[in-house]
Structure formats: structure tokens, C-alpha cells
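What follows is the residue order along each chain.
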Amino acid sequence: MNANAGYAHRLNDDGTFDSICLLCYHTVTTAPSEPELVFGEAQHLCPPTAAWRRRSFENSLRQPTPSTRETASETLGTNAEER
Ligand SMILES: [Zn+2]
């Protein structure tokens, strides 16, 4: 199974292939064979909202809000005692 820089290819149970955009996680196209996925990939544009959502998610990992930090410290608290 090959994946170029921007798309992951998935073999379906029925023998067709899906191409999934690694930026917005949309299923870009489905084709009966893997080489045909490039036609759909060439036409794909990520929805602006999807790109924004991903950026926002990545920012939230770097700068946790008080509520997520509370949840994380609860989880880490149990692990820290074991170490
Ligand atoms: Zn996309």
C-alpha cells in the first residue's frame, strides 16, 4: 500500500480503494484500483473549516486550557504513583 505526502490509501473489503486526506481526514475519493485515486486527489481541496479545526486541535495540545490540564493531571496522577 502506497501513500504520497498528502493522502493515505485504504483497501476496502470490496476491493476498491479509498484515499483519505491527511490534512482534513476526509475520504477524498474511492476508486476500483489504487492508481485511479490520483484523479480524485488532484481535484481535492481541504475545506477551510477542516484545516482550521486541525490547527485549533494542535494548538490545544501545546497550550492546554485549565479544564484539559485538570483532566490530564488526574490521568498522570495515577501513572506517576506507579513510577
Ligand atoms: Zn483535505
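Below is a short write-up of the structure. (Residues numbered from 1 in each chain as written. Predicted model: local features only at pLDDT ≥ 70, side-chain atom pairs only at ≥ 80, totals over all residues.)

A closer look at the sheet that holds strand 2 (residues 17-21)
Across a sheet, paired strands are connected by hydrogen bonds in the backbone, their directions being either parallel or antiparallel.
And then number 1: What the three strands build is an open sheet, ordered 1-2-3; its pairing is antiparallel. The sheet terminates laterally at strand 1 (7-11) and strand 3 (27-31), the two strands that pair on one side only. On average, each strand axis in the sheet is inclined to that of its neighbour by 20°, with strand direction left out of account.
And then number 2: Bridge count for strand 2 against strand 3 is four bridges, and the pairing is antiparallel. Looking at the pairing, I20 lines up with T27 of strand 3. (Pairing = 2+ DSSP bridges. Helix = DSSP H or I, 4+ residues; strand = E, 2+ residues; numbered from the N terminus. Axes fitted to C-alpha atoms, helices over the stretch in contact; angles between N-to-C directions.)

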